[in-house]
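# A structural walkthrough
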Amino acid sequence: MEGWFMQVSDALAVLRPLATGVDFFELRWMRRSHEQLQVRQDVVEPPRLIEDAGFMLTVYQGGAAGYAATADTSRAGVEEAFRTALRRAEISRGWSVTHYSPEHLQAEKGRYQSPTQKPWENVPLQERIDLLRELCLDLKKNDARFVDHQAQLHRRRWDMHLVNSLGTDIEQTFDMVNPMLSVTVHDKGVTEMRSMNGHSACRQGGFEVLDHMGYRAAAHKIHEEALQLLYAPNCPTGVMDLLLAPDQMILQIHESIGHPLEIDRILGDERNYAGTSFVRPEMFGSYQYGSEHLNVTFDPHRDHEFASYLFDDAGTRAEKTFLIQKGLLVAGLGGQLSQQRSGLPGVANARSVSWNRPAIDRMANLNIEPGPHSLDAMIAATERGISMETNCSWSIDDSRNKFQFGCEYARLIENGKLGAVVRKPNYRGISASFWRNLKMVGNAGTSDILGTAYCGKGEPNQAITVGHASPACLFSGVEVFGGEG
């Protein structure tokens, strides 16, 4: 207990006598590990392993809150962090945007562990690297038109232990895998790239999720489709039906539903950095966000999805909740504190990316519920349209309303049948009206579980893991256009 490292139970014993006079205190310990392996152009890059750990102390006193984080996990470090948090709470008294009080909090106990069949540690490092080398060869196949090709594996493990003065005691361990494959091809002045779902192939679990995501088989498909793009005509310009694959739907969900529904953003907290929202508090319960086919859920319990958990980082138990039901906006993405401040219905999504960052409103798992239609049925229902896959560029205004997105791969749809491949496909729209043109939603057979490890928000920035599961979706009357070069 007197050494350099202190367990959470020992730290709690140190804090209790110090904190007898405060309204509330919370201790969150977190340890993070991130391994990155990469083979690029058949050359093994130096493996990277980043690890850190520390405590975040939160104190409520007199209606104000103070925070302090420390990587010094000795007795002296914990004591100093507590005194710093208390001092900051006292300094900010009378200046807070809300009255901080434990009266809205409940004591919770529980443990969560990502479902894992084949632990990452049980696969030797050499075996992981050999897999990447093999896939790199499959990506290029000794074709000189492939000017770049690479395979990557990212593995993250986060351990978190949260306790507070109410008796909360929560332990959660997250094992996350994020594989990547990509190629760049060039011939006769044309350059194209193709990848495995962009950066969005990511799930919780062990080494077995690589098979669930079809990692080994994806190299051949990427190779063939890159060559198709290299000699394809440019995407046409016009207003037409748009069929989006799950690996583009996740960007559409993330930017034009997820961010606009973050309650702290609606309250203006993110105005200086991440932006605001076109959604206003009075819209909840009455605003028709999309067509009757649109059902959007916050679902923290879906197995293997990237941001599944039992409790958020403020200790609130998480439950599946409809945010948009039959197109109607019913709830926002706001944790207990944002719900208290705004009076709006929210969910358990106060999350932190590290021990040295406070928990703020984040998306976690934000999904579109499957509909009744097969992919063939949606194609057959399209007289003139285009299907697009895999996001490669995005631009959206700071209120998350007007947007313009680009994809890697597209095929025309004419008279109910898939047609020619076209390159550099783009489309644009306005969030407030785009979802009302949702015409058909694919069934579970068209769905995929994807996400991102790089959702950025907060000052200082927090790039956090987010899950999105979506079926393919068909939209009517969308402005489509190609690119130059």
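Residues numbered from 1 in each chain as written. Predicted model: local features only at pLDDT ≥ 70, side-chain atom pairs only at ≥ 80, totals over all residues. Heavy atoms only, no water.

### What to know about empty space enclosed by the protein
Any empty space left between atoms is shown by rolling a water-sized probe over those atoms. Cut-off, in case you're wondering: Cavities and pockets were defined on a 1 Å grid built over protein atoms only: a cavity is a set of grid points that admits a 1.4 Å probe from which the probe cannot escape, a pocket is an open set flanked by protein on both sides within 12 Å along at least five of seven lines, and lining residues are those with an atom within 4 Å of any such point. Grid points are joined across faces, edges and corners, and a volume is the space filled by probe spheres set on the points. Strands are runs of DSSP state E lasting at least 2 residues, helices are runs of H or I lasting at least 4, and numbering of each runs from the N terminus. Under the convention adopted here, Pro, Cys and the residues Ala, Val, Leu, Ile, Met, Phe, Trp and Tyr are nonpolar, Asp, Glu, Lys and Arg are charged, and Gly plus all remaining residues are polar.
A full pass over the atoms with the stated rule returns one cavity of 30 Å³ or more. Put simply, the largest cavity is a space of about 130 Å³. Looking at the largest cavity, it is lined by 17 residues, and the ones nearest its centre are W158, F174, Y309, D313 and R351. Of all the elements in the fold, those that place two or more residues in the lining of the largest cavity are β6 (146–164), β7 (169–187) and β23 (462–470). Partitioned by chemical class, the residues of the lining of the largest cavity number 10 nonpolar, four polar and three charged.

### Some remarks on the pattern of salt bridges
Counted only if it meets this: Between Lys or Arg on one side and Asp or Glu on the other, a salt bridge is scored when a side-chain nitrogen of the former is within 4 Å of a carboxyl oxygen of the latter. Type-normalised accessible area, obtained with a 1.4 Å probe on protein chains alone, sets the label of each residue: buried when under 20%, exposed when over 50%, and partly exposed for intermediate values.
Summed over all chains, the structure comprises 28 salt bridges. Taking the shortest distance from any N to any O, the salt bridge between E80 and R83 comes out at 3.4 Å. Within this pair, E80 and its partner R83 are both found in helix α2 (residues 75–92), separated by three residues, close to a single helical turn. Between R216 and D211 there is a salt bridge, and its shortest N-O distance comes to 2.6 Å. By relative accessible area, which is 38% here, R216 ends up partly exposed. By relative accessible area, D211 is classed as exposed at 51%. In the salt-bridge network here, residues are joined through shared partners; they are R194, K221, E225, E389 and E408.

### Thoughts on the nonpolar core
Selection rule: Buried residues of nine kinds, namely Ala, Val, Leu, Ile, Met, Phe, Trp, Tyr and Cys, make up a nonpolar core once their side-chain atoms join them within 4.5 Å.
Ranked by internal contacts, the top residues of the largest apolar core, which has 67 residues, are Y289, I386, Y427 and W435. In terms of residues, this core owes the most to one element, strand β18 (residues 402–414), which gives five residues. The next biggest cluster of nonpolar side chains, apart from the first, holds 30 residues, and it includes W120, V123, V177 and M196.

### Here we look at the packing of helix α3 (residues 125–140) against helix α5 (residues 215–230)
The following threshold applies: Only the stretch in contact is used when a helix axis is fitted, and all axes are lines through C-alpha atoms; the angle between N-to-C directions ranges over 0 to 180 degrees. The scheme is simple: roughly parallel for angles under 35 degrees, roughly antiparallel for over 145, roughly perpendicular for 65 to 115, oblique for anything else. Note on convention: the crossing is left-handed when the near helix lies turned anticlockwise from the far helix by less than a right angle, right-handed when the turn is clockwise. Every residue pair with non-hydrogen atoms within 4.5 Å of one another is taken to be in contact.
At a closest axis distance of 7 Å, the pairing of α3 and α5 adopts a crossing angle of 20 degrees. In terms of their interaxial angle, α3 and α5 are classed as roughly parallel. Along this stretch, α3 crosses α5, giving a crossing that reads as right-handed. Here α3 contributes L131, L132, L135, D138, L139 and K140 to the contact with α5, which in turn contributes Y215, R216, A219, I222 and H223.

### Comments concerning helix α1 (residues 8–18)
To keep things clear, this is the line we draw: By definition, the arc is the one covered by directions from the helix axis to the C-beta atoms.
Every buried residue of α1 is listed here: V8, A11, L12, V14 and L15. Projected down its long axis, α1 carries its buried residues within an arc of 165 degrees, all on one side. Exposed side of α1, more than 90 degrees from the buried face: S9 and P17 are the residues found there.

### Some details on unusual backbone geometry
Of the consecutive residues E459 and P460, the connecting peptide bond is found in the cis state with omega at 0 degrees. Within the secondary structure, P460 is located in the loop between β22 (448–457) and β23. Backbone geometry places T390, a non-glycine residue, at a positive phi of 70 degrees. With respect to the element layout, T390 can be found in strand β17 (residues 384–396). A positive phi angle is found at K424, which is not glycine, with a value near 55 degrees.

The analysis is restricted to geometry; functional conclusions fall outside its scope.
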